[in-house]
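# Summary of structural features
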Amino acid sequence: MLNSPYITKPASVSAVMFKVLAALLPGIAAYVWFFGAGILLQIALASITALAAEAAVLAMRGKPLGLFLKDGSALVTAWLIALTFPSIAPWWLIVLGVLVAIVVAKHLYGGLGQNPFNPAMVAFCVMIVAYPQLMSQWPAAGFTDFAAEFRAIFGADRHLDAIVMATPLDALRTVLRLPETRATVEGVLGSNATFGNIGGRGWEWVALGYLAGGLWLIQQGVISWRVPTAFLATLGLISGAFALVDATQYAGPTFHLFTGGAMLGAFFIATDPVSGATTVRGQIIFAAGIALLTWIIRTFGAYPDGIAFATLLMNICVPLIDMRTQRPVFGRKTGKTPDGRQP
Amino acid sequence: MSDPQDRLPLDDTPPAPGEVQRQPGAMKVSARTATVLLLFTIVFTALMAFTHDMTKPILDASAQAQKLKLIGEVLPPTLYDNDLLADAVTLPATPALGLDEPSLAYRARKGGEPVALVFEACANNGYSGRIGLVLAVLADGRLRAVRVSQHKETPGLGDYIDPKKDKNKSNPWIEQFSGQGYDLALGGHWKVKKDGGRFDARAGATISARAVTNASGKALIWIAERRAALFALPAGTTLQEKTP
Amino acid sequence: MNAYREITHNGLWKQNAVLGQMLGLCSLLAISNTAVNAISLGLATILVMGMASLIVSTLRGLIPYEIRIPVFILIIAALVTVVDMAMNAWLHELYLVLGIFIPLIVVNCIVLARVEAFAAKNPPGAAAFDGVMMGIGFVWVIGLLGAIREFVGQGTLFAGIDMVIPGLSAIQVLPEDYPGFLIAILPPGAFFVLGLMIAGRNWLDARANERARQRLLLAGQSSHA
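Residues numbered from 1 in each chain as written. Chains lettered and ligands numbered in written order. Predicted model: local features only at pLDDT ≥ 70, side-chain atom pairs only at ≥ 80, totals over all residues. Heavy atoms only, no water.

### Some thoughts on the overall build of chain B
Helix and strand content of chain B: 5 helices and 5 strands. Starting at the N terminus and walking to the C terminus, you meet the elements of chain B as α-α-β-β-β-β-β-α-α-α. Considering chain B as a whole, with its 244 residues, one finds that 42% of them fall into the buried category. Taking contacts inside chain B between residues at least 6 apart in sequence as the whole, the part at least 24 apart equals 51%. Accessible surface computed for chain B: about 12700 Å², of which carbon and sulfur atoms make up 59%. (Helix = DSSP H or I, 4+ residues; strand = E, 2+ residues; numbered from the N terminus. Buried < 20%, exposed > 50% of the residue type's maximum accessible area, 1.4 Å probe, protein only. Contact = heavy atoms within 4.5 Å. Areas by Shrake-Rupley, 256 points an atom, 1.4 Å probe, with all protein chains shown as cover.)

### Quick word on the sheet that holds strand 1 (residues 88–91) of chain B
All names here are of chain B. Reading across the sheet, the 5 strands line up as 1-2-3-4-5 and stay open at both edges, with antiparallel pairing between neighbours. Among the strands making up the open sheet, the edge pair consists of strand 1 and strand 5 (143–150). Adjacent strand axes in the sheet meet at a mean angle of 25° when their direction is disregarded. For strand 4 (residues 131–138) and strand 5, the ladder comprises 6 bridges, and the chain directions are antiparallel. The residue bridging Val 137 from the neighbouring strand is Leu 143, located in strand 5. (Pairing = 2+ DSSP bridges. Axes fitted to C-alpha atoms, helices over the stretch in contact; angles between N-to-C directions.)

### Here we look at the domain arrangement of chain B
All names here are of chain B. We note that the domain assignment places domain 1 (17–70) and domain 2 (75–232) within chain B. When each unit is reduced to the centre of its C-alpha atoms, the spacing between domain 1 and domain 2 is 45 Å. Taken residue by residue, the interface counts 4 residues in domain 1 and 5 residues in domain 2. Summed over both sides, the interface of domain 1 with domain 2 buries roughly 420 Å², with 78% coming from carbon and sulfur. Among the residues domain 1 hides against domain 2, the three largest losses belong to Lys 67, Leu 68 and Leu 70. Together they make up 89% of the total. Connecting domain 1 to domain 2 are 0 salt bridges. Counting across the domain 1 and domain 2 interface gives 0 residue pairs in polar contact (both at pLDDT 80 or more). (Domains from an automatic or database assignment. Buried area = accessible area lost by both parts, 1.4 Å probe. Salt bridge = Lys/Arg side-chain N within 4 Å of Asp/Glu carboxyl O. Polar contact = N/O pair within 3.5 Å; in protein donor to acceptor, adjacent residues only side chain to side chain.)

### Examining the pattern of salt bridges
Residues and elements named next belong to chain B. The full count for this structure, using the stated rule, is 12 salt bridges over all chains. The closest approach of N and O atoms between Asp 140 and Arg 142, which form a salt bridge, is 3.0 Å. We classify Asp 140 as partly exposed; its relative accessible area is 45%. In this structure, the salt-bridge partner of Asp 200 is Lys 193, at a minimum N-O distance of 2.5 Å. Taken together, the salt bridges that share partners define one network made up of Glu 73, Arg 147 and Glu 175.

### Some words on the interface of chain C and chain A
Taken together, the contact pairs 7 residues of chain C with 9 residues of chain A. Taking both partners together, chain C and chain A bury about 650 Å²; carbon and sulfur atoms supply 83% of that area. A per-residue breakdown of the area chain C buries against chain A is headed by Phe181(C), Leu182(C) and Ile183(C), which together make up 55% of the total. Counting across the interface, chain C meets chain A through 0 salt bridges. On the surface where chain C and chain A come into contact, there are 0 residue pairs in polar contact (both at pLDDT 80 or more).

### Some remarks on the environment of Thr206(B)
Residues and elements named next belong to chain B. Along the chain, the position of Thr 206 falls in helix 4 (residues 206–225). In sequence terms Thr 206 and Tyr 127 are 79 residues apart; their C-alpha atoms lie 9.4 Å from each other. Excluding anything up to four places from it in sequence, Thr 206 contacts Val 192, Lys 194 and Ala 201.

### Notes on the nonpolar core
With 94 residues, the main nonpolar core has Tyr31(A), Leu83(A), Ile94(A), Tyr210(A), Phe231(A) and Phe268(A) as its most contacted residues. Those residues in contact with Tyr210(A), other than ones at most four positions away along the chain, are Leu24(A), Gly27(A), Tyr31(A), Leu83(A), Met263(A), Leu264(A), Phe267(A) and Phe268(A). Formed by 57 residues, the second largest nonpolar core is a distinct cluster that contains Ala17(C), Ile110(C), Val115(C) and Phe138(C). (Core = buried A, V, L, I, M, F, W, Y, C linked by side-chain atoms within 4.5 Å.)

### Describing the pairing of strand 3 (residues 113–123) of chain B
Residue and element names in this part refer to chain B. In terms of burial, strand 3 is largely enclosed, as 8 of its 11 residues are buried. Count of turn residues in the strand 2 (residues 103–110)/strand 3 antiparallel hairpin: 2 residues, of which Gly 111 carries a positive phi of about 60°. Relative to strand 4, strand 3 is paired through 8 bridges, and the arrangement is antiparallel. Note on strand 4: the bridge partner recorded for Glu 120 is Val 134.

### A word on the packing of aromatic side chains
Enumeration over the complete set of coordinates arrives at 23 aromatic pairs over all chains. Measuring from centroid to centroid gives 5.1 Å for Trp92(A) and Tyr131(A), while their planes differ by 75°, and the two rings are edge-to-face. Taken together, the residues span a long stretch of sequence, with Trp92(A) in helix 5 (residues 91–107) and Tyr131(A) in the loop between helix 6 (119–130) and strand 1 (138–139) at a distance of 39 residues. Residue Trp92(A) is classed as partly exposed on the basis of its relative accessible area, which comes to 25%. Taking the centre distance of 5.8 Å and the plane angle of 85° together, the rings of Trp295(A) and Phe300(A) count as edge-to-face. For Trp295(A), a relative accessible area of 3% corresponds to the buried category. Linked through ring pairs, Tyr160(B), Trp173(B), Phe177(B), Trp190(B) and Phe199(B) together constitute an aromatic cluster. Here the guanidinium or amino end of Arg68(C) rests over the ring plane of Tyr65(C), the centre of that ring lying 4.3 Å away. (Phe/Tyr/Trp six-rings, centres within 6.5 Å; stacked < 30°, edge-to-face > 60°. Lys NZ or Arg CZ within 6 Å of the ring centre and 35° of its normal.)

### A short note on helix 13 (residues 262–269) of chain A
The element helix 13 of chain A is largely enclosed, with a buried count of 8 among its 8 residues. All of the buried residues in helix 13 of chain A are Ala262(A), Met263(A), Leu264(A), Gly265(A), Ala266(A), Phe267(A), Phe268(A) and Ile269(A).

### So, the packing of helix 2 (residues 38–61) of chain A against helix 7 (residues 146–154) of chain A
Residues and elements named next belong to chain A. Closest axis-to-axis distance for the helix 2/helix 7 pair is 9 Å, and the angle between their directions is 35°. In contact with Gly 38, Leu 41, Gln 42 and Leu 45 of helix 2, helix 7 contributes Phe 146, Glu 149, Phe 150, Ile 153 and Phe 154. Here the residues of the contact of helix 2 with helix 7 are counted per class, giving 6 nonpolar, 2 polar and 1 charged. (Nonpolar A, V, L, I, M, F, W, Y, C, P; charged D, E, K, R; others polar.)

Now the structure itself:
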């Protein structure tokens, strides 16, 4: 590898991972309240699949099962996948996604601590490219009929017209791209009763839940405050700047911060210790880069939310970021970094 | 790659011909090299020219066939008996068709009677890039059929507008426009259901459908209102719009 | 004919253009989304490689060393153009799909590499044989890649075979309502599947080496005894 250790291992991986899971609970609670308990089914499905896949691959690789299974990292990946996939997606979609994450993105690259890409985000990208339609069918806010959601997940015959609703991000992009409608951001978000005026009804509360959990993680010392701050500040600044130029065509910072996966990305995805940058300055660049790319993909791209693609793109840059932000080696008189650059 | 390992024992010629011939003066060598290169160029250019002449008639025929095939998808050849490709008029660049360049409209006739107009249109607000359309409008103002001739919509999401990519083979999405009259478009119902119109769109992928629907509706009105004038024009001329 | 056996082994496995030398990946990755596309491009490549090797080897005494590369490129480009025009004329449907990748055979490094490394130094028979074998090595890899991607991506095999042989139709391997796995057909899928194939080859080679070592050890022991 290029430089300093990729993983800064705290005393116990499992303690950290379970705190991360606990921090997701407020967001999940809001999710259940606004979009029904279907998400709990997806989380259960994802967790079982992740543990089974992890155990199977560990057995094949001849690694001790108990030690690695108990660390909880597979569970975190599984929960993130469940939370980023539509909660009414058919069961096999999430199972396949988790398999991609655990088998391909994690273990083919060497297992925990070795994977250059965030496994949950790899799963999202693979599945949205493979099944764009299924991955764009989100439940409408306020739809909490568990039986209908159960049928959507496990039923062979999926009648979704009553359930499916465009997410605020999708609706915004769709309408703004039609020149003849002369739509404005305010018109789309404000006139439509199904969207709240911050991040979309329901979604903004889920985002608040993630925010609360994330702040608790910072307070517990599990994640550093720099990554989420850099992420949210960048996303806020860039969306704010464009909204100042033309508020009719570009949604403002409050919308961007409280919709889609922004909060999840800031506190739970960009903070991944394995696939993120290791240096302090590097982490800030990494998080800011994800936020910038997310905004670009959301505004001009072809796929719904941009967090996953942005994360993978920045994952690729991590070795470079780390190399460029390394502190000079202690004791060197020239003050040159190992790669010969003047600091 | 060029290590001697690659030379097998069955080699029976002296190695690297150039090395032996490097003795004469520089001028002579360059002249010889140039001659050889020139000869090779002439021989192989001749080979290409020969193939070109051999294949040209076939290529012309297949380009023609390609065009007729696309037209045949919106208007079966049994419906007309004239030489369709020869009986064409030029349409000026028309925003209603989504085209910023002049295009051709082909006139199908049977026994001299007008049957249908086949023309191109373009939807400029698809999910990614322009969506090219080919339409056939019957002489009574109904849309015979519309087909997508080219598009860059997301594979698996918006590309069902092309019946070749549509999972529903027995009743492709684009078939719902066939046979609809232009009065439907005039009445403002030539829209997807989500926008309060008559036509279906697949859940989660409305943009491509909306683009095709709106563009075909606008094109249908424009052509249908001018169909008498278009059929009356002499072949090869350009439609002159009266000043509004 | 030990030499011919070696050529065959080199082309199909040991120095396989794709799995061994990783040459010509551009067209390989781009066009291997279905088995028919992949094999068709592979066949065109075999044709060009065989003819290019034969011509270069036959004329090798006439080609001055200093300008051999331009001459090789000239020969390859002319052959590709001929194949391109012929395909456009007689396999027009297929040409519409493969169209832009046929001219790319010119810059496919496999062709130039074999012409330079082998055909320019060996007699015509062996050279043509080597070109064809290298081409077959390319076609089986690209064909397998195309078949895997098509099978995983849409559950069929040989979709579009009617473009090459009219009257035949694709084999529906998985049930009609298989939702497909679109990413396998899109460019990323090519990288994933090719990576797995290269890993498979390395694994097979490692296993063969291990067995050979075991045999050697055993043979050593028995001779001591």
